[in-house]
Amino acid sequence: MTLFSSPTCFHSHRTRLVLAEKNISVEIVKVEGPELPEDLLDLNPYHTVPTLVDRDLVLYDSRVIIEYLDERFPHPPLMPVDPVTRAQFRLALYRIEKDWYSLADQLEAASDSKQAARSRKMLEESIVASSEVFRARRFFLSDEFSLVDCTIAPILWRLPSYGIDVESRAQPIKNYMNDVFSRRSFQDSLTELEQEMRP
Ligand SMILES: N[C@@H](CCC(=O)N[C@@H](CS)C(=O)NCC(=O)O)C(=O)O
């Protein structure tokens, strides 16, 4: 199995975190800068990372990849079994992508400081506003670590590099971060450049 992955992108990071959580052996091809590997250009019509190759199967879009990995490697399971709870987790994934992922994408792509400040503020307020959800259970919506946590953690990890401080405003989020960031899988998922994102 091969994963084309950027060492700094949070979409790639959530995929690496799922691979680490399930202890899956994978060859990681580091994709940096404007020059993309020829293989990736041939395999993925959108030329995006992450892209996963598993024998004849080529997958792109981190959501498609992490759901595939969870079904292909069922242990430990990262989604609940019951259809109602599964649907609630899928809705949470959708909302995190729609709100936090798109704001983080906007912030990273911002071409002027005013636009960056607007995205930064919206992202910070949106995360702080969900503090009570973090307080309710050990992990997000659950007592078990899940795909939702694999999706949230890469964003929370990047907050200092975005100039966002939620720790001093929301103790439940600080506790959650300490818990998730100290997991062996989370530490294993980090690239060198990601390790440098937090002092
Ligand atoms: N929805 C996609 C987004 C992936 C994405 O935007 N990847 C960026 C790197 S963080 C990329 O490959 N950008 C290059 C491009 O769009 O040409 C996913 O979840 O995989």
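This one's a predicted model, so the numbers in the text were calculated from it and none came from an experiment.

What counts, and at which threshold
- Residues numbered from 1 in each chain as written.
- Predicted model: local features only at pLDDT ≥ 70, side-chain atom pairs only at ≥ 80, totals over all residues.
- Heavy atoms only, no water.
- Helix = DSSP H or I, 4+ residues; strand = E, 2+ residues; numbered from the N terminus.
- Buried < 20%, exposed > 50% of the residue type's maximum accessible area, 1.4 Å probe, protein only.
- Contact = heavy atoms within 4.5 Å.
- 1 Å grid on protein atoms, 1.4 Å probe; cavity = no way out; pocket = protein on both sides within 12 Å on 5 of 7 lines; lining within 4 Å.
- Points joined across faces, edges and corners; volume = space filled by probe spheres on them.
- Nonpolar A, V, L, I, M, F, W, Y, C, P; charged D, E, K, R; others polar.
- Pairing = 2+ DSSP bridges.
- Axes fitted to C-alpha atoms, helices over the stretch in contact; angles between N-to-C directions.
- Domains from an automatic or database assignment.
- Buried area = accessible area lost by both parts, 1.4 Å probe.
- Salt bridge = Lys/Arg side-chain N within 4 Å of Asp/Glu carboxyl O.
- Polar contact = N/O pair within 3.5 Å; in protein donor to acceptor, adjacent residues only side chain to side chain.
- Phe/Tyr/Trp six-rings, centres within 6.5 Å; stacked < 30°, edge-to-face > 60°.
- Lys NZ or Arg CZ within 6 Å of the ring centre and 35° of its normal.
- Near = heavy atom within 4 Å.
- Areas by Shrake-Rupley, 256 points an atom, 1.4 Å probe, with all protein chains shown as cover.

**Let's talk about the environment of Glu32**
Structurally, Glu32 can be placed in the loop between strand 2 (27-30) and helix 2 (38-43). We classify Glu32 as partly exposed; its relative accessible area is 46%. Through-space distance from the C-alpha of Glu32 to that of Ser189 is 17 Å; in sequence the pair is 157 residues apart. Ignoring anything within four residues of it in the chain, the contact list for Glu32 reads Pro7 and Leu193.

**Concerning the layout of surface pockets**
Where empty space is left in the structure can be found by rolling a water-sized probe over the atoms. As a volume, the largest pocket reaches approximately 240 Å³. As for the largest pocket, its lining consists of 16 residues, and the residues nearest its centre are Pro77, Ser142, Glu144, Phe145 and Ser146. Residue composition of the lining of the largest pocket, by class: nine nonpolar, three polar and four charged.

**A few points about the sheet that holds strand 1 (residues 2-5)**
Each strand in a sheet pairs with another by means of backbone hydrogen bonds, the pair being arranged parallel or else antiparallel. Taken in spatial order, the four strands line up as 2-1-3-4 in an open sheet, and their pairing is mixed. Taken across any chain shown, the strands that pair with only one partner, and hence form the sheet edges, are strand 2 and strand 4 (57-60). The sheet shows a mean angle of 15° between the axes of neighbouring strands, taken without regard to direction. Judged from the three bridges that link them, strand 1 and strand 3 (residues 51-54) form a sheet pairing that is antiparallel. Each residue of the ladder has a partner; that of Thr2, found in strand 3, is Val53.

**What to know about empty space enclosed by the protein**
Evaluation of the coordinates by the stated rule reveals one cavity of 30 Å³ or more. Of the voids in this model, the largest cavity is the one considered here, and its volume is about 30 Å³. Together, Glu67, Asp70, Glu71, Met79, Arg86, Arg90 and Leu147 line the largest cavity. No other element matches the three residues that helix 3 (residues 62-72) contributes to the lining of the largest cavity. Tallied by class, the residues present in the lining of the largest cavity amount to two nonpolar, no polar and five charged. Here the lining of the largest cavity gathers at least three residues from each of two domains, domain 1 (2-72) and domain 2 (83-183).

**Comments concerning the domain arrangement of the chain**
Interfaces are often described in size by the accessible area the parts lose on coming together. For the chain, the assigned domains read domain 1 (2-72) and domain 2 (83-183). Using only C-alpha atoms to locate each centre, domain 1 and domain 2 end up separated by 22 Å. When domain 1 packs against domain 2, the two sides together hide about 1,400 Å² of surface, and 57% of this comes from carbon and sulfur. Applying the counting rule to domain 1 against domain 2 returns four salt bridges. Between Glu97 and Arg14 there is a salt bridge, and its shortest N-O distance comes to 2.9 Å. Where domain 1 packs against domain 2, one counts seven residue pairs in polar contact (both at pLDDT 80 or more). Among the secondary structure elements, those contributing two or more residues to the side of domain 1 that touches domain 2 are helix 1 (10-21) and helix 3. Take the side of domain 1 that touches domain 2: its biggest share by element is seven residues, from helix 1.

**Focus on the packing of aromatic side chains**
Taken as a whole and judged by the stated rule, the model has eight aromatic pairs. Plain terms: the ring middles of Phe139 and Phe145 are 5.5 Å apart, the flat faces sit at 80° to each other, and that makes the pair edge-to-face. Take Phe139 and Phe145: they sit in the same class, and that class is buried. One aromatic cluster is present, formed by Phe134, Phe140 and Tyr176 through successive ring pairs. Lying across the ring of Trp157, Arg198 places its NZ or CZ 5.4 Å from the centre.

**Observations concerning the site of the ligand**
Lining the immediate surroundings of the ligand are Cys9, His11, His47, Thr48, Val49, Pro50, Asp61 and Ser62. Between the ligand and His11, the relevant distance is 3.3 Å, taken from an oxygen atom to a side-chain nitrogen or oxygen of the residue. Between the ligand and Val49, the relevant distance is 2.8 Å, taken from a nitrogen atom to a main-chain nitrogen or oxygen of the residue. Notes on the ligand: free accessible area 500 Å², of which the protein chains cover 59%. Its residues assigned to classes, the shell around the ligand shows three nonpolar, four polar and one charged.

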